[in-house]
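Residue strings, one per chain:
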Amino acid sequence: MQRPLTAVLSALSTLSLAAALSACSGTAEAARDTRAPTAPTGVTATAGSASTVHVMWSAAADDRGVTGYAVYRQGRKVKDLSAGTLMTDVTGLAPATPHTFTVRARDAAGNISPDSLAVTATTPSATAEDRTPPSRPTALRATADGPGAATLGWRPARDDTRVTAYDVYQGGARVHTVPGTDTTARLTHLRPATAYTFTVRARDAAENSSPDSASADLTTPAAPGGRPATAPTGVTAKATKGAITLTWTPPRTGAPVKEHELHLNGRFATTVVWGAEPPPGPVTYTLTVPATPGVRYALTLRARLPDGTWGDFSAPCTVVTV
């Protein structure tokens, strides 16, 4: 019996759709991500106060990329974080208590890594009505440990109870925490041929923080085969009424550096140009600013290189007008 043409076309359309769906299904199956990230490593936990623990870890690996981390305390999740975050403070903890933490990584497909190794930190006892901050750490120094790491050292701060932690800051952002019994910190994941400015604050069990230490500047060396450092170094600033005087050392480029760009609080301020041969070694420039006392400026510089391009920015230098 002959089937109507419309019935044949309908059957063919159904078969084609089924084949297409089957092909799509096969592609989806092939593209499905079922591999979990590796467990985070290098997990540390440091009690920063009677109610706070600072947890840090090293990045996990995944065949398609880690998208986030979760921090667990005693097996219960307490923090969800983005992939670029490798440390966090866990707050609201009980004083004088051991707290155990693990970290897991996740990817875009929802695969969860195994637990990291567990680490334990014991919060100190709470001190009632402690409103006195520690003194500032002194004699901060920074030493490069190759192109991607550095070691900081300082003299201990003093406190009327005791120092429970030291917080390391880079450019105003906290990047590391160590126990109050330590006076050194090793920083990793730095970039080669990059200028950094570090400060340290002391903290006690009542969350009182000291003033910043004096800053320590550091430029990491270039990686083997990588580009040389191009940021100005040794930037210092001194405020007088209505002016700021800057001193810095231009990068070594194999040719005189005759032009620098100065930025205030992240915005372009002026270009410093030497019409003749620039002086050797450190150079000085005085910038006129409004004669308003108590204004804080973060200053950065970059040099125009002999090939006409701009080099890297210096580490920020902060000054307060008088």
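Quick note: structure is the one above.
Residues numbered from 1 in each chain as written. Predicted model: local features only at pLDDT ≥ 70, side-chain atom pairs only at ≥ 80, totals over all residues. Heavy atoms only, no water.

Caption draft 1: Region of interest: the overall build of the chain. Across its full length, the chain carries 1 helix and 21 strands. Dimensions of the chain, computed from the C-alpha atoms along their principal axes, are close to 105 × 60 × 40 Å. Across the 322 residues in the chain, those meeting the buried criterion constitute 39%. For the chain, contacts bridging at least 24 residues in sequence account for 63% of all contacts bridging at least 6. Accessible surface computed for the chain: about 17000 Å², of which carbon and sulfur atoms make up 55%. Measuring between centres, the 30 positive side-chain charges of the chain sit 2 Å from its 24 negative side-chain charges. (Helix = DSSP H or I, 4+ residues; strand = E, 2+ residues; numbered from the N terminus. Buried < 20%, exposed > 50% of the residue type's maximum accessible area, 1.4 Å probe, protein only. Contact = heavy atoms within 4.5 Å. Areas by Shrake-Rupley, 256 points an atom, 1.4 Å probe, with all protein chains shown as cover. Lys, Arg positive; Asp, Glu negative; His and termini not counted. Charge placed at Lys NZ, Arg CZ, Asp CG, Glu CD.)

Caption draft 2: Representation of the pairing of strand β11 (residues 173-179) in the model. For strand β10 (residues 163-170) and β11, the ladder comprises 6 bridges, and the chain directions are antiparallel. Across the sheet, the residue bridging to Q170 is A173, located in β11. Turn length for the β10-β11 hairpin, with the two strands adjacent in sequence and antiparallel, is 2 residues, and the turn residue G171 shows positive phi of about 60°. (Pairing = 2+ DSSP bridges.)

Caption draft 3: Up close: the packing of aromatic side chains. For the structure shown, the criterion picks out 4 aromatic pairs. Between W248 and W274 the ring centres are 6.2 Å apart and the planes differ by 65°, which places this aromatic pair in the edge-to-face class. A residue pair is termed long-range when its members are at least 10 positions apart, and W248 in strand β16 (residues 243-249) and W274 in the loop between β18 (267-273) and β19 (283-288) qualify at 26 residues. Residue classification places W248 among the buried residues on the basis of a relative accessible area of 1%. (Phe/Tyr/Trp six-rings, centres within 6.5 Å; stacked < 30°, edge-to-face > 60°.)

Caption draft 4: Here's a closer look at the nonpolar core. In this structure, L152, W154, Y166, V168 and F198 are the most contacted members of the largest nonpolar core, which totals 19 residues. Mapped by element, the contributors of at least two residues to this core are β8 (138-144), β9 (150-155), β10, β12 (184-187), β13 (195-204) and β14 (216-219). If sequence neighbours within four positions are ignored, L152 has contacts with L140, R141, A142, V168, T183, T184, A185, L187 and F198. The next biggest cluster of nonpolar side chains, apart from the first, holds 18 residues, and it includes V90, L93, F101 and V119. (Core = buried A, V, L, I, M, F, W, Y, C linked by side-chain atoms within 4.5 Å.)

Caption draft 5: Up close: the environment of T318. Examined against the element boundaries, T318 turns out to sit in strand β21 (residues 317-320). The exposure class of T318 is partly exposed, given its relative accessible area of 45%.

Caption draft 6: Structural context of the sheet that holds strand β1 (residues 41-49). Reading across the sheet, the 3 strands line up as β1-β2-β5 and stay open at both edges, with antiparallel pairing between neighbours. In this open sheet, the two edge strands, each paired with only one partner strand, are β1 and β5 (87-90). Looking at each pair of strands side by side, their axes are set apart by 20° on average, direction ignored. Sheet topology places strand β2 (residues 52-58) next to β5; 4 bridges connect them, and they run antiparallel. Directly across from M56, in β5, lies its bridge partner M87. (Axes fitted to C-alpha atoms, helices over the stretch in contact; angles between N-to-C directions.)

Caption draft 7: Seen up close, the pairing of β14. Of the two faces of β14, only the one carrying A216 and L218 is buried; D217 and T219 on the other face are not. Two strands pair when backbone bridges link them, and β13 and β14 are joined in this way by 4 bridges, in the antiparallel orientation. When the bridges of β14 are listed, F198 appears paired with A216.

Caption draft 8: Structural view of the sheet that holds β18. Ordered in space as β18-β17-β20-β21, the 4 strands form an open sheet in which the pairing is antiparallel. Two strands bound the open sheet, and with one partner strand each, they are β18 and β21. The mean inter-strand angle of the sheet, taken between neighbouring strand axes irrespective of direction, is 30°. The sheet contact formed by strand β17 (residues 259-264) and β18 spans 6 bridges and is antiparallel. Residue H263 lies in a different strand from β18, and its bridge partner there is F268.

Caption draft 9: Inspection of the side chain of D33 at higher detail. Along the chain, the position of D33 falls in the loop between α1 (5-31) and β1. Buried charge without a salt bridge: D33, with R64 as the nearest opposite-charge side chain at an N-O distance of 4.2 Å. Excluding its chain neighbours within four sequence positions, the residues that come into contact with D33 are D62, D63, R64, D107, A109 and N111. (Salt bridge = Lys/Arg side-chain N within 4 Å of Asp/Glu carboxyl O.)

Caption draft 10: Structural context of the pattern of salt bridges. For the structure shown, the criterion picks out 11 salt bridges. For R203, the salt bridge identified is with D167, shortest N-O distance 2.8 Å. Placement of the pair is R203 in strand β13 and D167 in strand β10, with a sequence separation of 36 residues. Given the relative accessible area of 4%, R203 is considered buried. Of the charged contacts in the structure, one is a salt bridge between E261 and R302, with a shortest N-O distance of 2.8 Å. In this pair, E261 is assigned in strand β17 and R302 in strand β20 (residues 296-303), connecting sequence segments 41 residues apart. When its relative accessible area of 11% is taken as the criterion, E261 is described as buried. Linked through salt bridges whose partners overlap, the residues forming this network are D89, D167, R174, R203 and E207.

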